[in-house]
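Geometric and topological summary
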Amino acid sequence: YWYGVICWAEKTWGRTISLDGVVYGTSQQPALLMHSNIGITFDLEAIRRDLPGGSITEFSSLYGLSDAYGRKDIQPYADFWVLVDGQLKFSRRNATIGQTGTIRIPLSESDRFLTLITTEGEKNVLKDNKSPIFNDWCVWGNPVLKIE
């Protein structure tokens, strides 16, 4: 763990994050930044209470590692996980720069919790057996809960 979950705003810490050449952290392309070894859980029931008449049907997002990290001499590797009610719905292990993807997780009215997690990849080991998690700039681009 290096830092908390960040709703990235353009040029936070004087840096821009991008995936596949698209800049994220703008009003048009929102993003969550999560360094490895952290997670966040969303209470879907609480969200439903704030949206009477709406039904949450899906979570979708782009995922990948940003190249905005500082130590360019060390290649980042990280894992992305999505759980619904504690059950694994998606995982991508040992992702590195340029390995992005899009996920779509169907949600039902009985689903209560959505959890996003990032962990350091198993390839993340320096010669002194310490992990370079400071380079694991894990990005969830355009994270959306679809409401119908």
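Everything below is about the structure shown above.
Heads up: these notes are all about the structure in this document.

Before going further, it helps to spend a moment on the pairing of strand 10 (residues 113-120). Here strand 5 (residues 38-43) runs beside strand 10; their pairing, made up of six bridges, is antiparallel. Bridge pairing in strand 10 places Phe42 opposite Leu114. Bridge count for strand 7 (residues 78-84) against strand 10 is seven bridges, and the pairing is antiparallel. Counterpart to Leu83 in the pairing with strand 10 is Thr115.

Moving on, we get to the packing of aromatic side chains. One pass over the structure, following the stated rule, counts three aromatic pairs. An angle of 50 degrees between the planes, with centres 5.2 Å apart, marks the rings of Tyr63 and Phe80 as tilted. Placement of the pair is Tyr63 in strand 6 (residues 56-65) and Phe80 in strand 7, with a sequence separation of 17 residues. The same class applies to Tyr63 and to Phe80, which are both buried. Ring geometry for Phe80 against Trp140: centres 5.3 Å apart, planes inclined by 85 degrees, an arrangement best described as edge-to-face. Placement of Phe80 in strand 7 and of Trp140 in strand 11 (residues 137-147) is noted, with a sequence separation of 60 residues between them.

If you trace the five strands from one edge of the open sheet to the other, you get 1-4-11-6-9, paired in antiparallel fashion. In this open sheet, the two edge strands, each paired with only one partner strand, are strand 1 (6-7) and strand 9 (101-106). Sheet topology places strand 4 (residues 31-35) next to strand 11; five bridges connect them, and they run antiparallel. In the sheet register, Leu32 faces strand 11, and the bridge partner there is Trp140.

What counts as what
Residues numbered from 1 in each chain as written. Predicted model: local features only at pLDDT ≥ 70, side-chain atom pairs only at ≥ 80, totals over all residues. Heavy atoms only, no water. Pairing = 2+ DSSP bridges. Helix = DSSP H or I, 4+ residues; strand = E, 2+ residues; numbered from the N terminus. Phe/Tyr/Trp six-rings, centres within 6.5 Å; stacked < 30°, edge-to-face > 60°. Buried < 20%, exposed > 50% of the residue type's maximum accessible area, 1.4 Å probe, protein only.

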